[in-house]
Amino acid sequence: MMGLVYKDFLVMRKQLSYYLIFVVLYAGLTVAGVFTPFILPGIVVLVGMMLPMSSVGYDDQARWDKYAAATPAGRAGMVAARYLSALIVLVAGSALILVLMLVLGLTGLIDSPPVESIAAVLACLCVALVFDAVILPILIKFGAEKSRIISIIIFVTVFGGAMLITQLAKNLGPGGGVAFPAWLAAALPVVLALVSVGGFVISYFISLGIYGKKEL
Amino acid sequence: MENAIEIRHLTKDYGSFKLSDVSFCVPGGSIVGLIGENGAGKSTTIKCILNLIRRDAGEILLLGRDNIKDERLVKEDIGVVLDESTFHDTLKAPDVGKILRRVYKHWDSGLFQDYLRKFSLPADKYIKEFSRGMKMKLSIAAALSSRPKLLILDEATGGLDPVVRDEILDEFLNFIQDEDHAILISSHITSDLEKVADYVVYLHRGQVAIQGAKDELLEQYGRLVCSRADMAAVDDAFVVGRRTSQFGCEALIQNKEKFRRLYPGLTVDPVTLEEIMVFTVKGDVQS
């Protein structure tokens, strides 16, 4: 299974380096005041969406699945590798963005207190986990080509929902139009964490079931 | 030694095509050629063996173990070459070794390097720059470097030039020098199998039409060329298939020696696997 994870990173190394340049570029634009600092954790969500799709796309193109399923890794190993690769990218990406935001915040280059940076990165990590939890079984079932449109719909829904929640959250403050119960506002991070982690785990078992029946 | 592969009553129904009651063995220390026309069921059989598709009925034992219950264990000892390169274009040959050494417990990195050198596969080129022959050699190098006991090859020599094919067939013969090793190779290039196979399984429309030791099959069958009048006198029990034209008849004859005794005036020529296949597929043909 680790071989398949390693394969993902070898195949995606060029794309990952492009994302790194993307992060540096956006960090620069954030420092220049073009964007709000909170666009940086959004990159984690974007990468979380793009990488599994690209990875499955490359595998489809190479007809890798047929070969990998014939190795000792088997179908279960392939599914586990997909989820582990996605998780590694998300966690490592989040850590990188968090360090970047903290450094830029502490040096005064961007206006983002450490607590807000941490909260923003963790929230985006959770959203990205939810997104991957939804998209991975679809990718595994239909392949990259057929999943593209479904993914776009999900992307719009997830981001639209996230923006709506953000807007509502802003309105929670003094003078805000929508009054969430205080307990709900307090519980929201925990709920988001549980939904994302729980959803990711449930999604893994759904994918195992789907891939177990798939004819290669 | 035990059979490397035992397939009993394998059935897979796609609706439009059915692999039906296929049974055969791959004895240890041998090369078995799986032949048949396109769509005869060769790839379906291999996919069932590798558990890439679900079988509807039957049993498959690989190296004495069930291919599904003991899948992970048994696949450590199987090297696989599929009909096309399955490695990503953006990888280089050494990358394949780095990946597979984390997949196979018995992966031999030194052996893989040796094969890359032996097959003249450049380490600094991307796979997308490789020719089809180079890609196939890379797949074979990867399959052999996992130190397998059983090699399964699906149309591995298809589309390759004769020189590369010969080089690859030599490698299979080297592999089989160890009598614990065995190879199942599917191909519709029967001349390749005539060179290396010990046994032949001929699939026709999803069923085993003919199977046996290659030399015995070639000994058992013969090609009869004669006039229509001579053909009319031949007992139909000897005739597997015939081709009739305005100039005469050509037929695939079984029980060649008995036929020669009964019809000393008729000439029976040696036959090739391809002729056995073609005559069996066509049956009686008027041209």
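Predicted, not measured: the structure shown is a model, and the values here were computed from it.

Caption draft 1: How the structure looks around the interface of chain B and chain A. Between chain B and chain A, the contact holds 30 residues from the first and 26 residues from the second. When the two sides are added together, the surface that chain B and chain A hide from each other amounts to roughly 2700 Å², 57% of it contributed by carbon and sulfur. Here glutamate 84 of chain B and arginine 63 of chain A are joined by a salt bridge, their closest N and O atoms 3.1 Å apart. Connecting chain B to chain A are 12 residue pairs in polar contact (both at pLDDT 80 or more). Those elements giving two or more residues to the side of chain B that touches chain A turn out to be α2 (71-75) and α3 (93-100) of chain B. The dominant element in the side of chain B that touches chain A, judged by the number of residues it contributes, is α3 of chain B, at 4 residues. The residue inventory of the side of chain B that touches chain A, partitioned by class, reads 13 nonpolar, 5 polar and 12 charged.

Caption draft 2: View of the pairing of strand β12 (residues 239-245) of chain B. Residues and elements named next belong to chain B. With 6 bridges connecting them, β12 and strand β13 (residues 248-253) associate as antiparallel partners. Across the sheet, the residue bridging to arginine 242 is alanine 251, located in β13. Taken together, β12 and the strand that follows it, β13, pair antiparallel across an intervening segment of 2 residues.

Caption draft 3: Focus on the sheet that holds strand β1 (residues 3-13) of chain B. Residue and element names in this part refer to chain B. Taken together, 4 strands build an open sheet; the order of strands is β2-β1-β4-β5 and the sheet is antiparallel. Of all the strands in the sheet, the pair left with one neighbour each is β2 (18-27) and β5 (65-66). In the packing of helix α1 (residues 42-49) onto the sheet, contacts are made with β1, β2 and β4 (57-62), and the angle to β1 comes to roughly 115°.

Caption draft 4: Quick peek at the sheet that holds strand β8 (residues 182-186) of chain B. All names here are of chain B. Spatial strand order, β6-β7-β8-β3-β9-β10: 6 strands in an open sheet with mixed pairing. Because the sheet does not close on itself, it has two edges, and the strands there are β6 (78-81) and β10 (207-213). Each neighbouring strand pair of the sheet contributes to a mean axis angle of 15°, computed without reference to strand direction. Sheet analysis places strand β9 (residues 199-204) next to β10, joined by 6 bridges and oriented antiparallel. The partner of tyrosine 199 across the bridge, within β10, is alanine 213. Across the sheet, helix α5 (residues 132-145) touches β6 and β7 (150-154), and the angle it forms with β6 is around 170°.

Caption draft 5: Quick look at the UniProt feature "domain: ABC transporter" (unreviewed entry) in chain B. Here, the residues flagged by UniProt with the feature "domain: ABC transporter" (unreviewed entry) are residues 5-230 of chain B. The span residues 5-230 of chain B shows a helical share of 34% and a strand share of 28%, and its end C-alpha atoms are spaced 44 Å apart.

Caption draft 6: Local environment of the domain arrangement of chain B. Residue and element names in this part refer to chain B. Looking at chain B, the domain boundaries give domain 1 (3-217) and domain 2 (221-286). One C-alpha centre belongs to domain 1, the other to domain 2, and the line joining them spans 34 Å. Domain 1 puts 13 residues into the contact, and the matching count from domain 2 is 8 residues. Summing both sides of the interface, domain 1 and domain 2 together bury roughly 980 Å²; the carbon and sulfur share of this comes to 71%. Linking domain 1 with domain 2 are 0 salt bridges. On inspection of domain 1 and its partner domain 2, the count reaches 4 residue pairs in polar contact (both at pLDDT 80 or more). Secondary-structure elements contributing two or more residues to the side of domain 1 that touches domain 2 are α7 (190-196), β9, β10 and α8 (214-220). Counted by class, the side of domain 1 that touches domain 2 contains 7 nonpolar, 3 polar and 3 charged residues.

Caption draft 7: Summary view of the side chain of glutamate 155 of chain B. Residues and elements named next belong to chain B. Mapping glutamate 155 onto the fold places it in the loop between β7 and α6 (162-175). For glutamate 155, the side chain forms a polar contact with the side chain of histidine 188, separated by 3.2 Å. For glutamate 155, the residues in contact, after removing those within four places along its chain, are Lys42, Asp83, Arg132, Ser186, Ser187 and His188.

Caption draft 8: Geometry of the nonpolar core. With 140 residues, the main nonpolar core has Leu100, Leu138 and Phe172 of chain B as its most contacted residues. With 15 residues, the top contributor of residues to this core is helix α6 (residues 114-170) of chain A. There are two domains that each give this core at least three residues, and those are domain 1 (3-217) and domain 2 (221-286) of chain B. Residue contacts for leucine 100 of chain B: discarding those within four places in its chain leaves Tyr67 of chain A together with Phe87, Trp107 and Ala142 of chain B.

Calculation notes
- Residues numbered from 1 in each chain as written.
- Chains lettered and ligands numbered in written order.
- Predicted model: local features only at pLDDT ≥ 70, side-chain atom pairs only at ≥ 80, totals over all residues.
- Heavy atoms only, no water.
- Contact = heavy atoms within 4.5 Å.
- Buried area = accessible area lost by both parts, 1.4 Å probe.
- Salt bridge = Lys/Arg side-chain N within 4 Å of Asp/Glu carboxyl O.
- Polar contact = N/O pair within 3.5 Å; in protein donor to acceptor, adjacent residues only side chain to side chain.
- Helix = DSSP H or I, 4+ residues; strand = E, 2+ residues; numbered from the N terminus.
- Nonpolar A, V, L, I, M, F, W, Y, C, P; charged D, E, K, R; others polar.
- Pairing = 2+ DSSP bridges.
- Axes fitted to C-alpha atoms, helices over the stretch in contact; angles between N-to-C directions.
- UniProt positions renumbered as here; feature names shortened; annotations may be inferred.
- Domains from an automatic or database assignment.
- Core = buried A, V, L, I, M, F, W, Y, C linked by side-chain atoms within 4.5 Å.
- Buried < 20%, exposed > 50% of the residue type's maximum accessible area, 1.4 Å probe, protein only.

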